[in-house]
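# Commentary on secondary and tertiary structure
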Amino acid sequence: MRIAIASDHAAFALKTILAAWLTEQGHDVRDLGPDSDARVDYPDFGFKLAEAVASGEAERGIALCGSGIGISIAVNRHPSVRCALVSEPLSAALAREHNDANVVALGARLTGEDMAKACITAFLTTAFAGGRHQSRVEKLGASPLPLAKEPA
């Protein structure tokens, strides 16, 4: 699978570990930066990651920052990207199965290496269920989001 990965300075070490691990797993990994743990702004790397996934350069994305919150917000500003902040494998699997998430976000200060790998494994190996979830996912890409209709 073609996977793009990006972080901020707080998650640089975890990003480096995960990129090497994903490559060992046989994935084609595109590291979008940063190249060191020098201070950077997570929106810059979140936008790069969103563009890589939206353009098809990457099939999936992994976004990392200290908490995972900031970079997930940055990634989700792109209408073609659905980024889920997760902290354990079940939420990573459900993000794929129900929401067709194409990017997963993790907090390096909150999630250890082994848990991050477990979350990513669940994210990469779970398929989108489609069916009743499809129309909901389509609404997520609409701009602006359509309002829910009252039941008849």
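Note that the structure is a prediction, hence the values are computed from the model and not measured. (Residues numbered from 1 in each chain as written. Predicted model: local features only at pLDDT ≥ 70, side-chain atom pairs only at ≥ 80, totals over all residues. Heavy atoms only, no water.)

Burial analysis of strand 5 (residues 103-107) places five of its five residues in the buried class, which makes it a mostly covered element. Every second residue of strand 5 is oriented toward a common face, with V103, A105 and G107 on one face and V104 and L106 on the other, all of them buried. In terms of strand pairing, strand 3 (residues 60-65) meets strand 5 through five bridges, oriented parallel. Note that in strand 5 the partner of I62 across the bridge is V104. Pairing between strand 4 (residues 83-85) and strand 5: three bridges, direction parallel. Of the residues in strand 5, the one forming a bridge with L85 is A105. With helix 4 (residues 89-99) bridging strand 4 and the parallel strand 5, this β-α-β connection has right-handed handedness. (Buried < 20%, exposed > 50% of the residue type's maximum accessible area, 1.4 Å probe, protein only. Helix = DSSP H or I, 4+ residues; strand = E, 2+ residues; numbered from the N terminus. Pairing = 2+ DSSP bridges. Right-handed = clockwise from strand over helix to strand, strands pointing away.)

Turning next to the packing of helix 1 (residues 12-24) against helix 5 (residues 113-125). As a packed pair, helix 1 and helix 5 sit with axes 11 Å apart at the nearest point and diverge in direction by 50 degrees. Between helix 1 and helix 5, the crossing angle belongs to the class labelled oblique. As for how helix 1 packs across helix 5, the hand of that crossing is right-handed. Contacts between helix 1 and helix 5 involve L14, I17, L18, W21 and L22 from the first element and E113, A116, K117, I120, T121 and L124 from the second. Class assignment for the residues of the contact of helix 1 with helix 5 results in eight nonpolar, one polar and two charged. (Axes fitted to C-alpha atoms, helices over the stretch in contact; angles between N-to-C directions. Parallel < 35°, antiparallel > 145°, perpendicular 65-115°, else oblique. Left-handed = near helix turned anticlockwise from the far one by under 90°. Contact = heavy atoms within 4.5 Å. Nonpolar A, V, L, I, M, F, W, Y, C, P; charged D, E, K, R; others polar.)

Taken in spatial order, the five strands line up as 2-1-3-5-4 in an open sheet, and their pairing is parallel. Of all the strands in the sheet, just strand 2 (28-31) and strand 4 have a single pairing partner and so form its edges. Adjacent strand axes in the sheet meet at a mean angle of 20 degrees, parallel and antiparallel pairs treated alike. Examined bridge by bridge, strand 1 (residues 2-7) and strand 3 share five bridges and lie parallel to one another. When the bridges of strand 3 are listed, I3 appears paired with R60.

Axis separation between helix 4 and helix 5 bottoms out at 8 Å; the angle between their running directions is 25 degrees. Here helix 5 runs roughly parallel to helix 4, going by the angle between their axes. Two packed elements cross with a definite hand, and for helix 4 against helix 5 that hand is right-handed. Residue-level inspection shows P89, A92, A93 and R96 of helix 4 in contact with helix 5, the latter providing M115, A118, C119, A122 and F123.

Counted residue by residue, strand 1 has five buried out of six residues, so it is predominantly covered. In the sheet, strand 1 pairs with strand 2 via four bridges, with the strands oriented parallel. Residue pairing across strands places I3 opposite V29, the latter belonging to strand 2. On the question of chirality, the crossover connecting strand 1 to the parallel strand 2 by way of helix 1 is right-handed.

With that settled, the discussion passes to the pattern of salt bridges. Pairs can form between side chains of opposite charge once their charged atoms are near each other. Counted according to the given criterion, the structure contains seven salt bridges. A salt bridge links R2 to E59; the nearest nitrogen and oxygen atoms lie 3.6 Å apart. Of this pair, R2 sits in strand 1 while E59 sits in the loop between helix 2 (42-55) and strand 3, and the two are 57 residues apart along the sequence. On the accessibility criterion, E59 (34% relative accessible area) is partly exposed. Salt-bridge contacts for R82 lead to D100; the nearest nitrogen and oxygen are separated by 3.3 Å. With R82 in the loop between helix 3 (69-75) and strand 4 and D100 in the loop between helix 4 and strand 5, the pair connects residues that are 18 residues apart, well separated along the chain. Residue R82 shares its accessibility class with D100, and that shared class is buried. A single salt-bridge network, built from bridges that share partners, covers R82, R96 and D100. (Salt bridge = Lys/Arg side-chain N within 4 Å of Asp/Glu carboxyl O.)

None of the figures reported here should be taken as evidence of function without further support.
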